[in-house]
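Architecture and fold: a report
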Amino acid sequence: MGDDSEWMKLPTDQKCEHKVWKARLSGYEEALKLFQRITDEKSPEWGKYLGLMRKFVTDSNAVAQLKGLEAALAFIENAHVAGKTSGEVVSGVVTKVFNQPKARAKELGTDICLMYMELEKAEVVQDELLKGLDNKNPKIVVACIETLRKALSEFGSKIVTLKPVVKVLSKQFESREKAVRVEVKLLAVEIYKWIRDALRPPLQNINSVQLKELEEEWLKLPSSPPKQTRFLRSQQDLKAKFEQQQAQGGEQSDGEDEAETVAAVDPYELLEAVEILSKIPKDFYEKIEAKKWQERKEALEAVEALTKNLKLENGDYGDLVRALKKVVGKDANVMLVSVAAKCLAALASGLRKKFGTYAGQVVPTILEKFKEKKPQVVQALQEAIDAIFLTTTLQNLSEDILGVMDNKNPSIKQQAALFLARSFRHCTQATLPKSVLKPLCAALTKQVNDSALEVRDAAFEALGTAMKVVGEKAVNPFLSDLDKLKLDKIKESADKVELPGANKGAGGRGGEKKAAAKAPPPAEAPPKPSAPPKKTQTGAASKSSAGPSKKAKPTSVVGGKTKKNPESKEFTESDLSIEVCEERAAGVLPASCLQQLDSANWKERLASMEEFQRAVETMDKVEMPCQALVRMLAKKPGWKETNFQVMQMKLHIVALIAQRGQFSKTSASVVLDGLVDKVGDVKCGGNAKAGLTAIGEACSLPWTADQVVSMAFAQKNPKNQAETLNWLANAMKEFGFAGINVKGFINNVKTALGATNPAIRTAAIALLGVMFLYMGARLRMFFEDEKPALLTQIDAEFEKMQSQSPPAPIRFTKKSAAEEDGDEGEEQEEDGAGAAAAQDIMDLLPRTDICDKITSDLLSKISDKNWKIRKEGLDETAAIISEAKLITTNIGDLPLALKARLSDSNKILVQQTLAILQQMSTPMGPGLKQHVKALGFPVITVLGDSKSNVRAAAMTTLQAWVEQTGMKEWLEGEDLSEELKRENPFLRQEVLGWLAEKLPTLRTVPGDLMLCVPQLYACLEDRNGDVRKKAQDALPTFMMHLGYEKMDKAAGKLKTASKDQVVGMLEKARAVMPAKPAAPAKAGGGRGSAEPSRAASASRQPASEDFVDGKPEVKKVRGGGGGGGAAGKKGAAGKKPAAKSQKDDEDKSGPIFVLIPNAKEQRIKEEKQLKVLKWNFTTPRDEYLEQLKTQMSTCFAKWLQDELFHIDFQRQVKAIGVMIERMESEREATISCLDLILKWFTLRFFDTNTTVLMKVLEYLKLVFAMLNRENYHLTDYEANSFIPYIILKVGESKDVVRKDVRAILAMLCRVYPASKVFPLIMDGTKSKNSKQRAECLEELGCLIEGYGMTVCHSTQAKSLKEIAVHIGDRDTSVRNAALNTVVAVYNVCGDQVYKLIGNLSEKDMSMLEERIKRSAKKTMAAPAKPSAMERSQREHPTNPNATLIRKPAQEDPNKLNQARQNAQHSESSHPSIPKEFQLDLDMIEMDQSRVCELPDLVQHKLDELLEPIMIPEPKMRSVSPHFDDLHNSTASTINFVISQVASGDINNSVQALAQIDEVLRQEDKAEVMSGHIDQFLIATFMQLRLIYSTHMTDERMDKKDIMKLYSCIIGNMLSLFSMESLAREASMGVLKDLMHGVITLMLDSRMEDIEDGLQLIRSVNLLVTRVVEKSDQTNISSALLVLLQDSLVTNASPMFCELVMKCLWRLIRFLPETIDNINLDRILLDIHNFMKIFPKEKLKQLKNDVPHRTMKTLLHTLCKLKGAAILDHLSMIENRNESELEAHLRRVVKHTGNPSGHKSDRGNEKTGLRTEDRMSKAKVSDILSEIFKKIGSKENTKEGLTELYEYKQNYSDADLEPFLKNTSQFFQSYVERGLRMIESEREGKARIQTSAVIPQHGVDFSLSSNNEELKPAVYYERLKILRQRQGLENNSKQGVGGSEDEPQQRPPMSSLLSSKPPVASSTDMLHSKLSQLKESRELYQQEHNTHSHSPTRAHTRSTSPVANLDDLKKRLERIKSNRQ
């Protein structure tokens, strides 16, 4: 009872976790009551139980568990946070509840699962239940199936995903447990209710008896579809509707609801894909070419059997499709054609969208084959082409279909039309746009008039189907040439068409009937809008009768268009006789007018014309007989009228008639000849042009222009020709470019360009300029054959037009105006008229069919084995495309050949192929779309290439293609997601970057984009940081199209860890998700259709504004032409923006910055407290952008912020302009927002727009000048957010930018301390941009000149060293800048500069000394004193554009002294105020006496202050020996000779190699190369690379010279590697690069073509052998392992990998001899790294299994030699437990039975030691000597320490003193620390980080009587160790590496043995470590001698570190006193 009382006092949540079951039971009961009592679902009380839910359901006590389940159910039902527990709780239910015998427990478990599903966790629940089906306990399986069935029954197939459930049905039907089979049968029946026959295919393989039983059960089911009876929390509206229906009896639900209830399931989705490519008979491709048809039939039947699988695995079906296509196209046996067609149909059905790649290849062949008459062949072909259509789009096939529509064979035309009819049925209005429909309808309207009846009928059916799909309104404009009879027949066909959507019944027959009954209304829908416009028509006509009829015309025609089609047609009339014309004219004209028309008196004729004009002006439009009137005007004298006044009137009347009457082309033909004849007349030309324009409005400009130009060029009058072209140029601007016959004009323009009259040529060029506005750069390609002078003029005209955009049309053809508001307005909204117009324009141009030139010979060349022949083939292809200008889409089999070249091993050919594809993009235009699958996606694959230049070329090609094709084709299907699946970091980051750029510009995307989301999520967690960043950038752009919900749902399928991370990123992306681009504006109507896509975006806004201003009434009517009330709405909408813009203008008059007190301080505080992101990035990410927007929103005017972040750069420029204007008036506010302003400017530094950048720099110069005037000093917060980013622009390629940036940096020093600017500029010198490095160094020089060395007082030595490093830079400008800066330092501090800059190479030092000498001469020659004006300009540049003089060498020394004095004076002032501003410069300038007195005073102080700097002189002196050694003559000579080895000049290199060879051949001299081996080897393989990539490819280079150079290199290498002492100096990184170079040389196929090439390869082979044998075995082993790893990662050639592995095999063979000399820890680390990148599974997946076997052999050999001891050599591997290597080694050791390796020997030896009571002292001495030798050797030190520790454990009384007393204190402390570390590891304590400093000298164990004192160097060494241990800096330059600012840098020799040796590139090592290695080598040799001959006394060894420290302190004091 006592126990009970204890737990009863506990709170409920603790009772639930209690170990006593009664306590838990009580807790569950209390929790249940609590859960039922809490009303607030978001109560914090729920959170207490969140982590306990799994325990509730998995309680081990059955009674408690039951109550726990009840409580859990209550929790899930009521708690808002319950969803978080779904995974763990359902898993617990499945494993711990469903196996319980109590039915109540199972029932509760099922209820819990269903409740989670109600909480939107259906996927989680379903996954756990499906996992439960794999459980061995049948009870659990039955319960899981039952729960799935209930879930499906209640929630329906929309909530329960059926695909994974259906997949497991077959397996469960095979279960041995009857209960499982019964339950799964019930589940199958339930599934059938929801998806009906879609379930049949997946269950075809189950037992026939079971299938029969299922069929019987299925027949019993009701035909009506089931309904969802339980709803998710988010479906409460559906729930309410369902409950209402139930209350009403449930009978009122109609078929529509039922159709909604059932989710349509595609049977294809439920099937498993079958892989058939590997199953195709091996002899298929031989048999298919066999002469005997029986063999061909066998081959086809085998494939047909494979293709019968309903779903096929994706793969490369290219060869199979080509083979089948060949049979279809060329096989004479029609039976085989039929079988091949069936195979193609099956492939298309099985692959679906994945077959789209091959559709373009197959469809033309099938269409041509329709000439076959046999029904079985035709039927098979029809099935094939129908199946293929479903895999692609009509747009992709339209070109091929149009190609056969004019075929002579009627069968082909008939079947093509029938195919179109069938295809149209599968289309919708969206997938059948005007751009596709227009050419197809044009072809079909021709077929309507065909002589063959079957062709006509097929055309009627196709047009009728199109009309049914898109509506009469959309099709009618294309049928304007058909008579009423044919139109009626088309409508009759349309009525007969039944679209697939009409019988969409969900499975039941009743559903089908209902759906069919509902089908007619949609078919009638299109005509409905025509009713209201009819009213509009009459109203508009009556209202506008007073004004010009043109206003009302558009509305009236649109209104009646659909019902009264003839009205929309253009007005036509037949020719009238002259008598009829006279009769009609007499009816409308006064008699006197007609009589005087041909009077001889010109005055009478003039009076007649005046009467004529008055009559026409008052005449009604309908009654006006236009043809009669113009014929009267043409009556004698007609157009030969001699009086210009009469003629002017006559031409004016023609224009009036054309404007006011129903003017036909017949009437126009009467007058055009006369108008053209007068167009060049000085007096009448204007009226003639007006008449032509009026006719253009009446009869369309394209027709009028065609007639006029042909008439003009038929004449010989040059004036008329020139003026005609001028009129046409102007008319194009007024009417737009739509419908213009480009081809005809181009020919006429070419004629004009060849004219002798300059006026004609000028007019032609002007016309080309206008055409360029609409056609763009493509126009030029038609005139490339013109003379260069003429071409220059054309280019100049184009250049002039480049910046202009096409004007908005102001005139419209009457007919087109009628159509515009109807169909074209809608078309504009749907797919953007700009792009469509550009496409139409290009369609008008003639295209060349180059298919005939793509011969089989050319294709075989492109595929040849010899790369040179392949290159020839590609060159020919490029020439063909270049010559053709514009090409058709038919390019034969060229895509396949080019695709193969994209994966060519020769990267030059890959780049050439990409160039061809890019070149092809413009000539082919939008037709490229059909090649996207075949050629476009292989281009994306190239984006994964390891070479950046290849990737760049691929991206350029991709962008060029997308410009022509749009993005839709790229996003459709699975191809893009398949590309992203490739685990290639380059490909992923390029593709994601491309998508992030393109997706925001799209209005809609295909649904297939969703397929890329799983890959996008994988990229978010990619190992590569760049991939992750690009994925994060792309995330918001995906979300803007797919929506947050869809992406969040997709994230739910990820693993928990990944899911949490991705969901967090989704939330962030949601905040920065860009808005979708708005639909193109309708305003301007026809304007959009006339604009090309290139100008649409730029011109849209201004064009629409012009339109509103110019023609308000036209816009109003056109805008309202859609009919009904739409006009009013649109008119109102049109007015709103104008009002809004006025309001905005008013708002802009207010202040642009808001002055908030302490706002900046608050921002500084938030950044310090890390509440916001610190402004520090390499490229600005979205989160920084959003943070800045948020911060700016409080203190920037909203309109200004919007402008600053606007996507249009011009708006940003305007905003900066406003900021400049308001700077003075809002000075204080500007300063208060300065940090935000500067941050925004840093973002602009990452843009590439020069206009914005120049404006930014202009503002910055002004703002810093203002800050200087205001005495404002930047805070560190502001400076650090800005200065590092402006320094980036100092390396800009444009001089004007660099100049401004330098000026700003100079001004910065007036508002921010130069000493703080200095280190920021120092960071800029680390850039990869050479210009930036040079400019930063120059700036540093200026700072040092201006302010002296005080600008870098705290880091003088470090800074000077870093500056001096650049003296050896490859770039000349950087070298000069570095030299100038060091000279500036020299001018300030004299010879001390040599001590500050550290060690320089002899070459660099000589350059510096020379420069210093030159500068000294210049200084002496310079004038003695600078003028006061110069000084004041230097100190006060008032002009913001002023820059400082940047030449330190030319600076006056007095000026330098002055600057130094100023700096020194400022240093003595208060530190809180910036030093540069301490002097009152104005006072100094005014008071000359003070300026003169000041230097003496300050000079005195300067000397005092500089005096302490000389104290470290002894430290500096300690380096001088090494400095001198480094510059001794031998070393510098060798350095110079080695540098010549890598020379680009072959002769220089050969001479250098000869000198080195001479040294190497003499053994006594060869040692001078010691210390230079790495340097020499690096120079050698750099030369090898140079030969391989440059010399060998240069055809001008003599191959004998190359062979000579190769021979020298190989000879030197052989000499070097025959000397083991030198060979062992080669480091790992260098050996890796050397082996890479020589193996690449061995594989160079070009060597075979050179004389003695094979002999050279044999020599290389010998060299490789020698390198492997003679090098340091650890280094060469590591090098080969890393090289193998790299070659496998980069997919190097198989031969390369094989040779690397052969080298490894050779090493393995020598392992028994070399095992003791190898650092196994390092080798095993390299193997571990290899296995990390290539795990066992991945290695096995490689095509070649040799790498896997090589690794196994290596590890097996090591285990065999070392036994179990091998496991002690894994110390360098982090997380050993996770290492695949350790597991592998343990297995090998176990299987090999621990053969007698070293470890077991030692173990036996130790066992023997333990059994013996005594041991001879000699033996003990031998063992300990052996152990200490191992400790003293760098390879086996750890092994030695381990053995010593074990020895001490076994023999605690062993005396080690004799072996330690001869060693240094350093060695003793090392041994002591090592033993302590092993002890702590053995005892399981935390691992102690030990110093890796290991004595690199042998330990001399011979006893010596020499007890002399140790030298000071030893104490310095000890002091350094102690300082490292205590975390103090080692400022002594005697430390290895010689850097004051790297206190804890280890000695280089020990770094070679550090725990994780880096695999650095040898080139990096050469630049950074070469001088340090030499210095450290000499230091250690010196120490070796010291330690060997100066043993310490035994009593100096102390066990206490404190005692050691005290002892050393005392000794160091003595040393210091001795040295002084």
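Residues numbered from 1 in each chain as written. Predicted model: local features only at pLDDT ≥ 70, side-chain atom pairs only at ≥ 80, totals over all residues. Heavy atoms only, no water.

1. So, the overall build of the chain
The cut-off we apply is this: The helix count covers DSSP runs of H or I at least four residues long, the strand count covers runs of E at least two residues long, and both are numbered beginning at the N terminus. Summary of the burial criterion: residues with accessible area below 20% of their type's maximum are buried, those above 50% are exposed, and those between are partly exposed, where the area comes from a 1.4 Å probe applied to protein chains only. What makes two residues a contact is simply this: any of their non-hydrogen atoms within 4.5 Å. Only the protein chains shown count as cover for residues, with accessible areas throughout obtained via the Shrake-Rupley method and a probe of 1.4 Å.
Scanning the chain from terminus to terminus reveals 108 helices and zero strands. Within the span of the chain, comprising 2020 residues, buried residues form 50% of the whole. Taking the intrachain contacts of the chain between residues at least 6 apart in sequence as the baseline, contacts between residues at least 24 apart amount to 75%. For the chain, the accessible surface area stands at approximately 96,100 Å², while carbon and sulfur atoms represent 51% of it.

2. Let's talk about helix α57 (residues 1013-1020)
Within α57, six of the eight residues are buried, leaving the element largely enclosed by the surrounding structure. Those residues of α57 that fall on the buried side of the exposure criterion are Val1013, Gln1015, Leu1016, Tyr1017, Cys1019 and Leu1020. Lining the buried residues of α57 we find α55 (975-981), α56 (985-998), α58 (1025-1042), α59 (1044-1051) and α60 (1056-1071).

3. A look at helix α66 (residues 1182-1193)
Stated formally: Here a helix's expected span is defined as the number of its residues, less one, multiplied by 1.5 Å. Think of it as the arc spanned by the lines of direction from the helix axis to the C-beta atoms.
Here α66 is 12 residues long and its end C-alpha atoms lie 16 Å apart, about the 16 Å a rise of 1.5 Å per residue gives. Buried within α66 we find Tyr1184, Gln1187, Leu1188, Gln1191 and Met1192. With its buried residues spanning 130° around the axis, α66 presents them on a single face. Residues of α66 that are buried sit in contact with α65 (1159-1168), α67 (1198-1204) and α70 (1234-1244).

4. Things to note about the nonpolar core
Our working definition: Among the buried residues, those of types Ala, Val, Leu, Ile, Met, Phe, Trp, Tyr and Cys that are joined through side-chain atoms within 4.5 Å form a nonpolar core.
Core analysis: the largest hydrophobic core is formed by 98 residues, its most contacted members being Phe1617, Met1635 and Ile1727. Sequence-distant contacts of Met1635, that is, excluding residues within four places in its chain, are made with Val1664, Val1667, Val1668, Ile1676, Leu1680, Leu1683 and Cys1703. Counting residues in hydrophobic clusters, the runner-up holds 95 residues, among them Ala1215, Ile1237, Tyr1272 and Ala1279.

5. A look at the confidence of the model for the chain
In plain terms, the rule: Per-residue confidence from the predictor is reported as pLDDT, which spans 0 to 100.
Averaged over every residue, the pLDDT of the chain is 74; the share at 70 or more is 75%. Of the regions scoring below 50 in pLDDT, residues 503-569 engages in 65 contacts with residues more than four places distant in sequence or in other chains. Under a pLDDT of 50 for its full length, residues 1422-1528 has, in the predicted model, 127 contacts with residues more than four places off or in other chains.

6. Some remarks on the packing of helix α92 (residues 1628-1642) against helix α93 (residues 1653-1670)
The packing of two helices is summarised by the inter-axis angle and the distance between the axes. Applicable threshold: Axis definition: a line fitted to C-alpha atoms, limited for helices to the stretch in contact. Angles are taken between N-to-C directions and run from 0 to 180 degrees. For classification purposes, an angle smaller than 35 degrees is called roughly parallel, one larger than 145 roughly antiparallel, one from 65 to 115 roughly perpendicular, and anything else oblique. Crossings are sorted by hand: turned counterclockwise from the far helix by less than a right angle, the near helix makes the crossing left-handed, and turned clockwise it makes it right-handed. Side-chain classes are defined by residue name, with Ala, Val, Leu, Ile, Met, Phe, Trp, Tyr, Cys and Pro counting as nonpolar, Asp, Glu, Lys and Arg as charged, and the others, Gly among them, as polar.
Closest axis-to-axis distance for the α92/α93 pair is 9 Å, and the angle between their directions is 155°. In this view, α92 runs roughly antiparallel relative to α93, as classed from their interaxial angle. Crossing hand, α92 versus α93: left-handed. Across the interface between the two elements, Leu1631, Leu1634, Met1635, Val1638, Leu1641 and Met1642 from α92 touch Ile1657, Val1660, Asn1661, Leu1663, Val1664, Val1667 and Val1668 from α93. Looking at the contact of α92 with α93, its residues break down into 12 nonpolar, one polar and no charged.

7. A word on the side chain of Ser423
Tracing the backbone shows Ser423 in helix α24 (residues 410-425). Setting aside chain neighbours within four positions, we find Ser423 in contact with Phe389 and Leu394.

8. Focus on the environment of Lys998
Mapped onto the elements of the fold, Lys998 is located in helix α56. Each C-alpha atom, one on Lys998 and one on Gln959, is 9.7 Å from the other, the two residues being 39 residues apart in sequence. Aside from chain neighbours lying at most four places away, what touches Lys998 is Gln959, Val962 and Met967.

9. Section: unusual backbone geometry
For Glu120, which is not glycine, the phi torsion reads 70° and is therefore positive. Mapped onto the elements, Glu120 comes out in the loop between α8 (103-118) and α9 (122-132). In the Ramachandran plot, Asn1158 falls in the positive-phi region, its phi being about 60° despite a non-glycine side chain. With respect to the helices, strands and loops of the structure, Asn1158 is situated in the loop between α64 (1126-1147) and α65. Relative accessible area serves as the criterion here: at 57%, Asn1158 is assigned to the exposed category.

10. Quick word on the pattern of salt bridges
Filter applied, for reference: The salt bridge definition used is simple: a Lys or Arg side-chain nitrogen within 4 Å of an Asp or Glu carboxyl oxygen.
With the rule as written, the count across this model stands at 75 salt bridges. A salt bridge links Lys131 to Glu128; the nearest nitrogen and oxygen atoms lie 3.5 Å apart. One end of the pair, Lys131, and the other, Glu128, are both in helix α9, three residues apart, so they sit about a helical turn from each other. One network of salt bridges, in which partners are shared, links Asp1295, Arg1298, Arg1302, Glu1335 and Glu1339.

11. Some thoughts on the packing of aromatic side chains
Each aromatic ring pair is summarised here by two numbers: the centre-to-centre distance and the angle between the ring planes. Filter applied, for reference: In this analysis, rings of Phe, Tyr and Trp, with Trp reduced to its six-membered ring, are considered paired at centre separations within 6.5 Å, and the interplanar angle assigns stacked below 30 degrees, edge-to-face beyond 60, and tilted for intermediate values.
Evaluation of the coordinates by the stated rule reveals 25 aromatic pairs. A centroid spacing of 5.5 Å and a plane angle of 75° characterise the contact between Trp46 and Phe75, whose relative ring orientation is edge-to-face. One end of the pair, Trp46, is in helix α4 (residues 45-48); the other, Phe75, is in helix α6 (residues 62-78), and 29 residues separate them in sequence. Residue class for Trp46 comes out buried when judged on its relative accessible area of 1%. We classify Phe75 as buried; its relative accessible area is 0%.

12. Things to note about a positive patch on the surface
Here is the rule we go by: Patch construction takes residues with relative accessible area above 30% that form no salt bridge. Like charges are linked within 9 Å, and nonpolar side chains (Val, Leu, Ile, Met, Phe, Trp, Tyr) are linked within 5 Å. Within this scheme the basic residues Lys and Arg register as positive and the acidic residues Asp and Glu register as negative, but His and the chain ends are omitted. Here the site of a charge means atom NZ of a Lys, CZ of an Arg, CG of an Asp or CD of a Glu.
Taken together, the side chains of Lys1736, Lys1740, Lys1752 and Arg1787 make up a positively charged region of the molecular surface. Relative to the elements of secondary structure, Arg1787 occurs in helix α99 (residues 1780-1792). Looking at Arg1787, the relative accessible area reads 39%, which means it is partly exposed.

13. A few points about the side chain of Ser411
By secondary structure assignment, the location of Ser411 is in helix α24. A relative accessible area of 12% means that Ser411 is categorised as buried. If sequence neighbours within four positions are ignored, Ser411 has contacts with Phe370, Lys371 and Lys373.

14. Brief notes about the environment of Thr889
You can see Thr889 is positioned in the loop between α49 (867-884) and α50 (894-901). When the C-alpha atoms of Thr889 and Gln930 are compared, they prove to be 7.9 Å apart, with 41 residues separating the residues in sequence. Excluding anything up to four places from it in sequence, Thr889 contacts Glu399, Met924, Gly927, Gln930 and His931.

15. What about the environment of Asp316?
Its location among the elements puts Asp316 in the loop between α18 (293-307) and α19 (318-330). Look at Asp316 and you get exposed, because its relative accessible area is 56%. Put simply, Asp316 and Phe355 are 39 residues apart on the chain and 9.9 Å apart in space, counted from C-alpha to C-alpha. Excluding its chain neighbours within four sequence positions, the residues that come into contact with Asp316 are Leu277 and Tyr358.

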